[in-house]
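Architecture at a glance
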Amino acid sequence: MGLTDGWLADTRTSYDTVADSYADFVRDALAGQPFVRGILALFAELVHAADGGPVADVGCGPGHLTAHLHGLGLDAFGIDLSPGMIVVARRDHPGLRFAVGSMTDLDLADGAVAGLLASFSLIHVPDDEVPAVFARFHRVLRPGGPLLLGFHAGDGCRLKTEGYGGHPMRVYVHRRPPERVAGWLRDAGFTVEAQLLHHPDADTQGGFVFARR
């Protein structure tokens, strides 16, 4: 058995455990993240320029980014692996649509969405599963639809055993160079349009990739 075997069940259980604490942690985070707000605004502009339509926030957690996209004029809805996160998202954002689901088996029709955001929700997916996830993203996006990925930049992975509010977790956190992520996207049939690095502090490096179906 590999180190990350059982990662899907571990991720679901871990985020069920920290759902309320994580929601508190991220609730006002965007107010202090001007670069991230700018990146999301660019994504919204790209969706609008492609004639708009439903936008999937895959791995939406407590729905804070889904709500932000809605505020930018997008018909955004959220999907998350954790039922606990979806309970919190529906509580905090009762006017928006949220559903339990997994990026490894997206329950969406071919070409169903005009845009897709996966913001730091790929970080627990093992390398050998990522290409299949990107193939599903490609399937559910309509032709010309933009994709925005956010992830921890770097290399390697570590086991996270304690999370938000001091609650126990068991998730592997993967760091990846943007070039590797872009290569996987091209292999899945996407056109990569931009790769960005964000340095919010001395010890953190965020990667963002814009691509198009």
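Refer to the structure printed above.
To start, this report covers the structure provided alongside it. (Residues numbered from 1 in each chain as written. Predicted model: local features only at pLDDT ≥ 70, side-chain atom pairs only at ≥ 80, totals over all residues. Heavy atoms only, no water.)

A word on the layout of surface pockets. Unfilled space is identified by rolling a water-sized probe across the atoms. Its volume calculated, the largest pocket comes out at about 1,200 Å³. Taken together, 47 residues line the largest pocket, and the ones lying closest to its centre are Tyr22, Ser119, Phe120, Ile123 and Tyr164. Secondary-structure elements contributing two or more residues to the lining of the largest pocket are α1 (7-26), β1 (54-58), α3 (64-71), β2 (75-80), β6 (156-162), β7 (168-175), β8 (191-201) and β9 (204-212). Looking at the lining of the largest pocket, the element that brings in the most residues is α1, giving 8 residues. Split into classes, the residues belonging to the lining of the largest pocket amount to 24 nonpolar, 16 polar and 7 charged. (1 Å grid on protein atoms, 1.4 Å probe; cavity = no way out; pocket = protein on both sides within 12 Å on 5 of 7 lines; lining within 4 Å. Points joined across faces, edges and corners; volume = space filled by probe spheres on them. Helix = DSSP H or I, 4+ residues; strand = E, 2+ residues; numbered from the N terminus. Nonpolar A, V, L, I, M, F, W, Y, C, P; charged D, E, K, R; others polar.)

This part is about the pattern of salt bridges. In the structure shown here, the tally under the stated rule is 10 salt bridges. Here aspartate 20 and arginine 91 are joined by a salt bridge, their closest N and O atoms 3.1 Å apart. Linking aspartate 20 in helix α1 with arginine 91 in helix α4 (residues 83-92), this pair joins segments that are 71 residues apart in sequence. We note a salt bridge from aspartate 92 to arginine 27, for which the minimum N-O separation is 3.0 Å. In this pair, aspartate 92 is assigned in helix α4 and arginine 27 in the loop between α1 and α2 (34-49), connecting sequence segments 65 residues apart. (Salt bridge = Lys/Arg side-chain N within 4 Å of Asp/Glu carboxyl O.)

The next subject is the side chain of threonine 66. With respect to the helices and strands, threonine 66 occurs in helix α3. Given a relative accessible area of 0%, threonine 66 falls into the buried group. Setting aside chain neighbours within four positions, we find threonine 66 in contact with Asp57, Cys60, Ala76, Phe77, Gly78, Leu96 and Phe98. (Buried < 20%, exposed > 50% of the residue type's maximum accessible area, 1.4 Å probe, protein only. Contact = heavy atoms within 4.5 Å.)

Let us look at α3. Within α3 the residues assigned to the buried category are His64, Leu65, Thr66 and Leu69. Those residues of α3 hidden inside the fold are in contact with α1, α2, β1, β2, β3 (97-100) and β4 (115-119). Phi turns positive, to about 90°, at glycine 73, one or two residues after α3.

Another aspect to go through is helix α6 (residues 178-187). For α6, the complete set of buried residues consists of Pro178, Val181, Ala182, Trp184 and Leu185. Across the axial projection of α6, the buried residues extend over an arc of 160°, all falling on one side. Opposite its buried face, α6 presents the exposed residues Glu179 and Asp187, each directed more than 90 degrees away. For α6, the elements touching its buried residues are α5 (130-140), β5 (146-152), β8 and β9. Looking one or two residues beyond α6, the residue adopting positive phi is glycine 189, at roughly 105°. (Arc of directions from axis to C-beta.)

You can call arginine 91 partly exposed: its relative accessible area is 48%. For arginine 91 and proline 62, which are 29 residues apart along the polypeptide, the C-alpha to C-alpha distance reads 9.0 Å. If near-sequence neighbours (up to four positions away) are discounted, arginine 91 is found in contact with Asp20 and Arg27. There is a polar contact of 2.9 Å between the side chain of arginine 91 and the side chain of aspartate 92. (Polar contact = N/O pair within 3.5 Å; in protein donor to acceptor, adjacent residues only side chain to side chain.)

Ranked by internal contacts, the top residues of the largest apolar core, which has 33 residues, are Leu116, Phe134, Phe137, Leu147, Leu149 and Leu185. Looking at this core, the elements with two or more residues in it are β1, β2, β4, α5, β5, α6 and β9. By size, the runner-up hydrophobic cluster in this structure holds 18 residues, among which are Val36, Val55, Leu69 and Leu117. (Core = buried A, V, L, I, M, F, W, Y, C linked by side-chain atoms within 4.5 Å.)

Spatial relationships are all this shows, so hold off on functional conclusions.
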